[in-house]
Amino acid sequence: MDYVSALIPPVVMAVAFTALIVTMVKSQGGANKSKEDAAVDAVLAARAEDEPPAPARETA
């Protein structure tokens, strides 16, 4: 019975990891893709407005 108790944690972790990957793959794209893209674009635009322009580099 020791082998069963030794195998339970890795099997549980493998099942949990597989479920996590399946959930991530299913949530990509689909009906919410445009909403997610719009949210990312809004964050990037807000960040670009908040940052001061980069100083010009001197080239030698």
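Starting from 1, residues in each chain are numbered consecutively following that chain's sequence as written. Owing to the predicted nature of the model, reporting of local features is limited to residues with pLDDT of at least 70; listing and counting of side-chain atom pairs is limited to 80 or more, with chain, interface and lining totals taken over all residues. Side-chain measures here rest on the full set of heavy atoms in the structure, leaving out hydrogens and waters.

Turning our attention to the overall build of the protein. Put simply, DSSP marks the helices as runs of H or I at least four residues long and the strands as runs of E at least two long, and each gets a number from the N terminus on. On a plain count of helices and strands, the protein comes out with two helices and zero strands. Each residue's exposure class comes from its accessible area (1.4 Å probe, protein chains only) as a fraction of the maximum for that residue type: buried when under 20%, exposed when over 50%, partly exposed otherwise. The proportion of buried residues among the 60 residues of the protein is 0%. Accessible surface is estimated by sampling points in the Shrake-Rupley manner with a 1.4 Å probe; for residues, cover comes only from the protein chains shown. Surface exposure of the protein reaches about 5,800 Å², of which carbon and sulfur atoms provide 67%.

Patches draw on residues past 30% relative accessible area with no salt bridge. Two like charges within 9 Å are joined, as are two nonpolar side chains (Val, Leu, Ile, Met, Phe, Trp, Tyr) within 5 Å. The working definition used for a salt bridge is a side-chain nitrogen of Lys or Arg within 4 Å of a carboxyl oxygen of Asp or Glu. A contiguous nonpolar patch, built from Met1, Tyr3, Val4, Leu7, Ile8, Val11, Val12 and Val15 and spanning about 830 Å² of accessible area, is present on the exposed surface. What makes Ile8 partly exposed here is its relative accessible area of 46%.

An α-helix turns once every 3.6 residues. As a result, residues three or four positions apart point the same way. Multiplying 1.5 Å by the residue count of a helix minus one yields the expected span of that helix. The end-to-end C-alpha distance of helix 1 (residues 2–27) is 39 Å, a good match for the 38 Å that 26 residues give at a rise of 1.5 Å each. By definition, a residue's bend is the angle between the axes fitted to the seven residues ending there and the seven starting there. A maximum bend of about 30 degrees is found in helix 1 at Ile8, where proline Pro9 lies one to four positions downstream. Of the residues one or two after helix 1, Gly29 is the one with positive phi, at around 70 degrees.

Structural measurements only, silent on function.
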